[in-house]
Amino acid sequence: MTKTRRTGAVLALVAITSLVASACSSSSSGNQSKNDLYKNPVTLTWWHNSNQAGPLQTYWQKVANDFHALHPTVTIKISAIETNDLQRNRIPAALLSNNPPDIFQAWGGGETVEQVQAGYLKDITAETKNEVANIGAASKIWAVDGKQYGLPFDFGIEGFWYNKDLFARAGISAPPATLDDLNAAVTKLKAIGVTPISVGAGDKWPAGHWWYNFTVRECSADALSNAATKQNFDDPCFLKAGQDLQTFLATKPFQPDFLATSGQVGATSSAGQLANGKAAMELMGAWDGGVMGTLTPNRQEPSFLSWFPFPSVPGAGGSQTTMMGGGDGFACSKNAPAECVEFLKYIVSPEVEKGFAATGSGIPVAKGAETGLTDPVMQTIAQATQQAGGVELWLDTQFGATAGTAMNDAIVAIFAGKGNPQGVVDALKKATAR
Amino acid sequence: MTTTESPVSLTGGATAPPARLRPGGFSRAARTRRKWYEIIGLSAPAVLVFTTFVLAPMGFAIYYSLYKWSGYGWPTEFRGLDNYFGPFGAFRDPIFIDALRNNGIIIAGSLLIQGPLALGIALLLNRRFRGRAVFRMLVFVPYVLAEVTVGIMWQLILLRGSAADSILNSLGLGHFITGWLANLDVVIWTMLFILTWKYTGFALILFLAGMSNVPDEVTEAAAIDGASWWQTQRHITIPLLGSTIRIWMFLSMIGALQVFDVIWVASTPAVRSLGASNTMATYMVDHGFNERQWGYGNAVAVILFVISFLAALIFQRFVLRRDIDGARTERVS
């Protein structure tokens, strides 16, 4: 079987939306027999989101080269694309054409469900049984109706990144374990004249995460699963989460003008404020250390950083040990050659995952790979992820782009003093109408 | 090109020159045929490109706008005009109405602030003085800068505690300081300020070009008759600049309707989503792509197109009309 991948005449009509029509299909097929594996030369296109020069980008190139050395018939062509562009524009447009990338970034949750419903993804259930067993519960986020469509290489819970030195100066002896502790810490930090908590509300989702965490504290597992699977938001806990957020906002714990603060871009971003000693805490995912490393004058991750999980909320009705989290994975497109699945399995193998851990870019999911983590904060997060009473995927990822964005808009309105707790629930209920 | 022997107009057979200039010996039918070959041959590439990249996408946009479509698979859920007028359609979304209002503010601000400002500067810079070229360049430089550069630059200047606040403090105007990019009531005016800073240079260069066409004889005659500098500008230069000003108004209005880059870069997604700085174009991208409501995004695009198109037609019909009529008469110079 000759592998000639032809793009044909790709006519891109880009005026208002992008319409990509491809005249002839790629000839690669998904139903090779096992015997054909590695027999014929194949080129795999790989789209990932590590577009900034850094250890992870270098590492992915090494992974591709190593795989080629192991299996010389497989050549891997990488495109590294900015994450938002990749997720919102490039992948949907490419999947719509007849020539999508073979293996590409997949964030799991609602988006994976949509892609599966449209018939874009390869069912890899049979080939990846061992990998799924080794990864454990996190792999479910890339499964739909019991079938596996992608695998994570990174999964971690979020929590507070904080500045140990500022905490010591403010006289905070232990990381806050309850919301009351957190409020007390905010008061003490204000007294020494630093911003207690920075939030990149300008980007919307960092503000959204506050509501998500209060929701996890207020809502029972049933209420959360009804929301995710049946779009049922009738449980009063969703309203209570918004009220908790409003009460917390009233203590003015954040930097001024947070609506104009971006999450991760530049020294004035929320991560930059923490990295440069202007703010004492930030609620953010496990990647934050890597981000902060690019935002300091000497391009090093500050040594004063430490981490604690989202505190319990006294009197709240949900689980106080369940944590909000998320990860990154890859999926193979429907007609990708069988080598794609082999490469995906290679990426999540303990050896490769150990190397990923050593880049400090995230928390590996393969058992045995956590020994690769060198950064003490990352080790703490990995441990907390394992000990969490449960893990809920970022709600905006879980609900999909449409409902997720409408929810974030309504949460930002609360931050701006223009919205209310009911607004978030209403936004979620009507989001799917367009 | 020194060839003079071919009198056949290259701009199309429609305005073919008198027959006596044509090479003789062809029958009337052959000439007609030839004329049509020319029309078809010369216009085909343009028609093809225009159809492929303008008309067809417009048609597709209208078609998509009638569907609920997330961008995965082809659109199947037909919704009629719901994306426009339905309970969740654009015209019922207060944030879209905010976008319309913001576009209105930018149009009015461009016409009422940029125009007079640029005209004033142009009148000053049209006089002869030392360093005139330097001043002209300084005012024009912002227009040459890329929109994204301008957006990032002003964002850095205007963030709390940055350069703008320091300058206001040192001028004793510290009590005016606010969240230039975060105060929801102020952001649109901040955007208008940045746009004015950027696009005044464009108006200026057009006006200066127009002024260089004002014949010296007329101003000299006025000077001999004892007119002051201001009288000369008021009664001679500005009236003769009329057609240039009207063309600038047209370009400025269409530009203001479609403004995107500076606002996209200088104001955050949160501020846009609250309706404080969004325009129709940013609203379209925020919803079409980022919320993955492709059908709805197309509907917004169609609305933006219809509004721009109507504005252009009305302006041409009532304001530009005499300039277009004038183009048919002989030039008076």
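Just so it is clear, the model here is predicted, and its values are computed rather than measured.

Quick notes on the rules
Residues numbered from 1 in each chain as written. Chains lettered and ligands numbered in written order. Predicted model: local features only at pLDDT ≥ 70, side-chain atom pairs only at ≥ 80, totals over all residues. Heavy atoms only, no water. Helix = DSSP H or I, 4+ residues; strand = E, 2+ residues; numbered from the N terminus. Rg over C-alpha atoms; globule rule 2.2 N^0.38 Å. Buried < 20%, exposed > 50% of the residue type's maximum accessible area, 1.4 Å probe, protein only. Contact = heavy atoms within 4.5 Å. Areas by Shrake-Rupley, 256 points an atom, 1.4 Å probe, with all protein chains shown as cover. Lys, Arg positive; Asp, Glu negative; His and termini not counted. Charge placed at Lys NZ, Arg CZ, Asp CG, Glu CD. Phe/Tyr/Trp six-rings, centres within 6.5 Å; stacked < 30°, edge-to-face > 60°. Lys NZ or Arg CZ within 6 Å of the ring centre and 35° of its normal. Pairing = 2+ DSSP bridges. Disulfide = S-S within 2.5 Å. Salt bridge = Lys/Arg side-chain N within 4 Å of Asp/Glu carboxyl O. Buried area = accessible area lost by both parts, 1.4 Å probe. Polar contact = N/O pair within 3.5 Å; in protein donor to acceptor, adjacent residues only side chain to side chain. Patch = residues over 30% accessible without salt bridge, like charges linked within 9 Å, V, L, I, M, F, W, Y side chains within 5 Å. Axes fitted to C-alpha atoms, helices over the stretch in contact; angles between N-to-C directions. Parallel < 35°, antiparallel > 145°, perpendicular 65-115°, else oblique. Nonpolar A, V, L, I, M, F, W, Y, C, P; charged D, E, K, R; others polar. Expected span 1.5 Å × (residues − 1). Arc of directions from axis to C-beta.

Asker: Describe the overall build of chain A, naming the residues involved and giving the relevant values.
Answerer: What chain A contains, in helices and strands, is 17 helices and 14 strands. At 22 Å, chain A has a C-alpha radius of gyration in line with the 22 Å of a compact globule built from 434 residues. Its C-alpha atoms give chain A principal-axis dimensions of about 70 × 45 × 40 Å. Counting every position in chain A, which comprises 434 residues, the buried fraction comes to 57%. Put simply, 72% of the contacts in chain A that link residues at least 6 apart link residues at least 24 apart. Accessible area of chain A: about 17,000 Å², with a carbon and sulfur share of 52%. Separation of charge centres in chain A, based on 32 positive and 37 negative side chains, amounts to 4 Å.

Asker: Can you break down the packing of aromatic side chains residue by residue, with the values?
Answerer: All chains considered together, the criterion is met by 57 aromatic pairs over all chains. Judged by centre distance (5.2 Å) and plane angle (50°), the rings of Phe67(A) and Tyr346(A) are tilted. Residue Phe67(A) is found in helix α1 (residues 55-70), and its partner Tyr346(A) is found in helix α12 (residues 338-347); the two are separated by 279 residues along the sequence. Accessibility assignment for this pair places Phe67(A) and Tyr346(A) in one class, buried. Grouping aromatic residues by their ring pairs yields a cluster made of Phe160(A), Tyr162(A), Phe167(A), Trp210(A), Phe214(A), Phe248(A), Phe254(A), Phe258(A), Phe308(A), Phe310(A) and Phe415(A). Here Lys198(B) stacks its cationic end above the ring of Tyr199(B), 5.2 Å away from the centre of that ring. The cationic tip of Arg272(B) hangs over the ring face of Trp264(B); the distance from NZ or CZ to the ring centre is 3.8 Å.

Asker: Provide a residue-level description of the pairing of strand β5 (residues 103-106) of chain A, including the pertinent values.
Answerer: Residues and elements named next belong to chain A. Looking at chain direction, strand β3 (residues 42-48) and β5 are connected through two bridges and run parallel. Across the sheet, residue Trp 46 finds its bridge partner in β5, namely Ile 103. Pairing of β5 with strand β13 (residues 322-332) involves four bridges; the strand directions are antiparallel. Bridge assignment links Ile 103 to a residue of β13, and that residue is Cys 332.

Asker: Tell me what's going on with the pairing of β13(A), and back it up with residues and numbers.
Answerer: Residues and elements named next belong to chain A. Across the eleven residues of β13, eleven count as buried, placing the element largely inside the fold. What you see with β13 is no split at all: Thr 322, Met 324, Gly 326, Asp 328, Phe 330 and Cys 332 on one side and Met 323, Gly 325, Gly 327, Gly 329 and Ala 331 on the other are buried throughout. In terms of strand pairing, strand β8 (residues 150-157) meets β13 through seven bridges, oriented antiparallel. What sits directly across from Leu 151, in β13, is Phe 330. Examined bridge by bridge, β13 and strand β14 (residues 390-393) share four bridges and lie parallel to one another. Bridging from a neighbouring strand, Met 323 pairs with Val 391 of β14.

Asker: Mind laying out the state of the cysteines, listing which residues take part and the relevant values?
Answerer: Residues and elements named next belong to chain A. The final tally for this structure, using the stated rule, is two disulfides over all chains. The disulfide partner of Cys 219 is Cys 237, and the gap between their sulfur atoms is 2.0 Å. Across the S-S bond linking Cys 219 and Cys 237, the dihedral sits near 95°, which makes this disulfide right-handed. Of the two residues, Cys 219 is situated in the loop between α7 (205-218) and α8 (221-230) and Cys 237 in helix α9 (residues 237-250); the sequence distance between them amounts to 18 residues. On the basis of relative accessible area, Cys 219 is assigned to the buried category, the value being 2%. What makes Cys 237 buried here is its relative accessible area of 5%. Two residues, Cys 332 and Cys 340, share a disulfide whose sulfurs are 2.2 Å apart. The S-S bond linking Cys 332 to Cys 340 shows a torsion near -95°; that makes this disulfide left-handed.

Asker: A description of the pattern of salt bridges should follow, citing residues and the corresponding values.
Answerer: Overall, the coordinates contain twelve salt bridges over all chains when judged by the stated rule. Linking Lys429(A) and Asp234(A) is a salt bridge whose minimum nitrogen-to-oxygen distance equals 3.1 Å. Here Lys429(A), found in helix α17 (residues 421-430), pairs with Asp234(A), found in the loop between α8 and α9; they are 195 residues apart in sequence, far enough to count as distant. Taken together, the shared-partner salt bridges in this structure form one network comprising Glu111(A), Glu114(A) and Arg292(B).

Asker: For the interface of chain A and chain B, give the residues involved together with the corresponding values.
Answerer: Listed as interface residues are 46 residues of chain A and, on the opposing side, 40 residues of chain B. Across the chain A to chain B interface the summed buried area is about 3,800 Å²; carbon plus sulfur atoms make up 63%. The interface formed by chain A and chain B includes three salt bridges. Where chain A touches chain B, the interface holds ten residue pairs in polar contact (both at pLDDT 80 or more). Of all the secondary structure elements, the ones that give two or more residues to the side of chain A that touches chain B are β1 (10-14), β2 (18-22), α2 (83-96), α3 (110-117) and α16 (401-415) of chain A. Among the elements that take part in the side of chain A that touches chain B, α2(A) stands out by supplying eight residues, more than any other.

Asker: Summarise a nonpolar patch on the surface; cite the residues concerned and give the values.
Answerer: There is a patch of nonpolar side chains on the surface, built from Phe305(B), Val306(B), Phe309(B), Leu310(B), Leu313(B), Ile314(B) and Phe318(B) and spanning about 690 Å² of accessible area. Assignment of secondary structure puts Leu313(B) in helix α14 (residues 294-318).

Asker: I'd love a proper account of the packing of helix α10 (residues 242-257) of chain B against α14(B), names of residues and values included.
Answerer: Residues and elements named next belong to chain B. The geometry of α10 relative to α14 is characterised by a closest axis approach of 10 Å and an angle of 170° between their N-to-C directions. With respect to α14, the axis of α10 lies roughly antiparallel. Here α10 contributes Arg 246, Met 249, Phe 250, Met 253, Ile 254 and Leu 257 to the contact with α14, which in turn contributes Leu 304, Ile 307, Ser 308, Ala 311, Ala 312, Phe 315 and Gln 316. Looking at the contact of α10 with α14 residue by residue, the classes come out as ten nonpolar, two polar and one charged.

Asker: Could you give an account of the packing of α7(A) against α16(A), with specific residues and numbers?
Answerer: Residues and elements named next belong to chain A. Running from amino to carboxyl end, α7 crosses α16 at an angle of 90°, the nearest separation of the two axes being 8 Å. Relative to α16, the element α7 lies roughly perpendicular. Across the interface between the two elements, Trp 205, Ala 207, Gly 208, Trp 210, Trp 211 and Tyr 212 from α7 touch Met 407, Asn 408, Ile 411, Val 412 and Phe 415 from α16. When its residues are assigned to classes, the contact of α7 with α16 shows nine nonpolar, two polar and no charged.

Asker: Before we move on, can you summarise helix α5 (residues 147-158) of chain B with the specific residues and values?
Answerer: Residues and elements named next belong to chain B. If you check α5, its first and last C-alpha atoms are 16 Å apart, about what twelve residues at 1.5 Å a residue would give, namely 16 Å. Among the residues making up α5, those that are buried are Val 150, Gly 151, Trp 154 and Leu 158. In a view along the axis of α5, the buried residues occupy a sector of 100°, so they form one face of it.

Asker: For the sheet that holds strand β10 (residues 195-197) of chain A, give the residues involved together with the corresponding values.
Answerer: All names here are of chain A. As summarised here, the arrangement of the four strands in space is β10-β11-β9-β12, forming an open sheet in which the pairing is mixed. In this open sheet, the two edge strands, each paired with only one partner strand, are β10 and β12 (305-309). For this sheet the average axis-to-axis angle between neighbouring strands, irrespective of direction, equals 25°. In terms of strand pairing, strand β9 (residues 159-163) meets strand β11 (residues 279-284) through four bridges, oriented antiparallel. The residue bridging Gly 159 from the neighbouring strand is Met 284, located in β11.

Asker: Explain unusual backbone geometry to me, and be specific about the residues and the numbers.
Answerer: All names here are of chain A. Of note, Tyr 38 is a non-glycine position whose phi angle comes to about 65°, a positive value. Among the structural elements, Tyr 38 can be located in the loop between β2 and β3. Phi is positive for Lys 204, which is not a glycine, with a value near 70°. Mapped onto the fold, Lys 204 is located in the loop between β10 and α7. Look at Lys 204 and you get buried, because its relative accessible area is 10%.

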